[in-house]
Amino acid sequence: MKKANFKSAFSMLALSIVAGSFLVGCSNSEDLSNELTPKEGMGIVSFSINEKDYEPSENVTTRATAQPQPEVQDLGDGWQAEVSLVPDTTRRPEQKVATRAIYGNKHYTIRAYQGSTLKGEIKGTFNGNNFTPDSGDPGVMQLPHGYYDFVCFNDKVTANGTTLSVNRADIPNAYYTVERNVLINQDPKQKVAFTSKHAGALVNVSLTYINCEIPRTVTTTVYKTEFNPWMGSSKTYYQTKTTNPADQYQYVLNTATNSIPETMSYDFVANTYSYPTMGQLSKSGSLQTGYSLPNATPGSTEYLAGDDIADVYLLPSTDCSKFKLTFTTGELYGKSLAGKSVTVPTHKLVERNKQYNLNINLIMENQYLFSDGTIGFLDKNIGKTAIGVVYNLVSRTALALKDVTEYSNSNFMWSYNTSSQ
């Protein structure tokens, strides 16, 4: 993988002279480092920057590793929720978490410190392998031989002396890193590699319909078309709508006021964190029916098995047990969800650059197959005879409440493909 490289040299003694002599009209610091002759006892330092993707919150190395157990919560009125907060294990543990060269124009600042004393700074914009220093910025620096702490951060991070500050709203694009005790002693030049990481954590919140998959009808409206050059054909996706218009809901994911950090301050010399401002999470949404499977037939029925509620970006040390998901309006299969709330059972303090999954499995009380071939809830079908428990709405199958015997065969299949709906 290519890295976003830029060459720089720090000068404690004659920074302005170096800038005036060597940087006029230059934007490629690779060439500058080749032209610059370091002073005695000083070296030219080159840098590479990669940005690291979110990591699993725990290194799950074996199947026997204990995982948090889900909690089943009774929401009332025949609804239950199975809730768990687990590490995102999208990648196999043995794989390295992806790093990537900087893509697009991103503005970074790099500083060199000895203790709390700033020894030099450069600022510039990165795009792929190209580095363009800010107007008036020397773009290269020389450093006397010795040990340094290097600090690298983008514009979503604010620096005040040796303190880096981040707002919760900026977490999706806020990156920084600190490389400590780097010995600069190689002539004529030396590289320092940065792996810049997210300033906060990411929690993916998802809702899965365990026994209440939602029927949706494929419309004639094209959502998107994708061409596959390898197959030489296109895939068409259509918009969908719930087959029963009443199958809808709205929700809010929130916390109490002043319960989660809104700002973070990190003193990288003392290696201490503080959270000066506390705030509240509040994200609202509704059932998203989305689009169909590829090349679906307009008018056909598909079943929605789940929904992505939200991607929540949090500062380190946020306690996920503060979260509450509340259905504010709506119903599924005629059963009201309004006022039902789900909480997070785990007191988990999220960590920087880690990713988590908050999984909510929504479970509806059993529906029954009745002797007249209809299905529904017992309290909605007074007087009907229940003969089976529906266990899969999609395949329309049920488990018999009693064994059926015919000609002394107690394993008789009596309800094959029987339905009036």
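Since we're looking at a predicted model, the values are computed, not measured.

Visitor: Residue-level account of the sheet that holds strand β25 (residues 301–304), with values.
Guide: Taken together, three strands build an open sheet; the order of strands is β18-β17-β25 and the sheet is antiparallel. Both edges of this open sheet fall to β18 (233–242) and β25, since each of them pairs with a single strand only. The sheet shows a mean angle of 55° between the axes of neighbouring strands, taken without regard to direction. Summarising the sheet, strand β17 (residues 214–228) and β25 pair through four bridges and their orientation is antiparallel. Across the sheet, residue R216 finds its bridge partner in β25, namely E302.

Visitor: Report on the confidence of the model for the protein chain, specifying residues and quantitative values.
Guide: Averaged over all residues, the pLDDT of the protein chain equals 82, while 80% of them reach at least 70. Residue range residues 1–34 is modelled with pLDDT below 50. Its contacts to residues more than four positions away, or to other chains, number 102 contacts. Predicted confidence for residues 59–65 stays below pLDDT 50, and this span has four contacts to residues more than four positions away or in other chains.

Visitor: Describe the sheet that holds strand β12 (residues 158–160), listing the residues and the values that go with them.
Guide: Ordered in space as β12-β13-β21-β22, the four strands form an open sheet in which the pairing is antiparallel. Where the open sheet ends on each side, the last strands, each with one partner, are β12 and β22 (272–274). Averaged over neighbouring strand pairs, the angle between their axes works out to 25° when direction is ignored. Summarising the sheet, strand β21 (residues 263–267) and β22 pair through three bridges and their orientation is antiparallel. The residue of β22 that forms the bridge with Y266 is Y273.

Visitor: With reference to specific residues and values, describe the packing of aromatic side chains.
Guide: Tallied over the full model, the rule gives nine aromatic pairs. Ring geometry for Y148 versus F150: centroids 6.1 Å apart, planes at 35°, classification tilted. When its relative accessible area of 0% is taken as the criterion, F150 is described as buried. For the pair Y237 and Y291, a centre-to-centre distance of 5.4 Å together with 90° between the ring planes defines the contact as edge-to-face.

Visitor: So what's going on with the side chain of K354? Which residues, and what values?
Guide: On the secondary structure map, K354 appears in strand β30 (residues 354–364). Discounting residues that sit within four places of it in the chain, K354 has contacts with Y54, E55, P56, S57, G200, A201 and L202.

Visitor: Explain the environment of Y176 residue by residue, including any values.
Guide: Within the element layout of this structure, Y176 appears in strand β14 (residues 175–184). Aside from chain neighbours lying at most four places away, what touches Y176 is C152, F153, V157, L164, S196, K197, A199, M264, Y266, Y273 and R352.

Visitor: Account for the nonpolar core, with residues named and values stated.
Guide: Ranked by size, the top nonpolar core spans 42 residues in total, and within it V203, Y209, Y249, V312 and F323 carry the most contacts. At the level of secondary structure, the elements contributing two or more residues to this core comprise β5 (79–87), β16 (201–209), β19 (248–254), β26 (306–314), β27 (324–332) and β30. Sequence-distant contacts of V203, that is, excluding residues within four places in its chain, are made with L85, A310, D311, V312, L314, C320, V350, Y356 and L358. Core analysis: the second largest hydrophobic core is formed by 19 residues, L143, Y148, F150 and V182 among them.

Cut-offs and rules
Numbers given for residues are sequential positions, taken from 1 along each chain in its written order. It should be noted that, the model being predicted, local features are given only for residues of pLDDT at least 70 and side-chain atom pairs only at 80 or more, the latter also being counted only at that level, while totals for whole chains, interfaces and linings use all residues. Each side-chain value is derived from all of the structure's non-hydrogen atoms; neither hydrogens nor water enter the calculation. Paired strands, in this sense, are two strands between which DSSP finds at least two bridges. Only DSSP runs of H or I covering at least 4 residues are called helices, and only runs of E covering at least 2 are called strands; the numbering of each starts at the N terminus. Where helices are involved, their axes are fitted lines through C-alpha atoms of the stretch in contact, as for all axes, and angles between N-to-C directions lie from 0 to 180°. Confidence scores per residue from the predictor, reported as pLDDT, run from 0 to 100. Any two residues whose heavy atoms approach within 4.5 Å are treated as being in contact. Side-chain rings of Phe, Tyr and Trp (the six-membered ring for Trp) are treated as a pair once their centres are within 6.5 Å; stacked means planes under 30 degrees apart, edge-to-face means over 60, and tilted covers the remaining angles. We call a residue buried when its accessible area falls under 20% of the maximum for its residue type, exposed when it is over 50%, and partly exposed in between, using a 1.4 Å probe and counting protein chains only. Each nonpolar core is a collection of buried residues, namely Ala, Val, Leu, Ile, Met, Phe, Trp, Tyr and Cys, held together in the definition by side-chain atoms within 4.5 Å.

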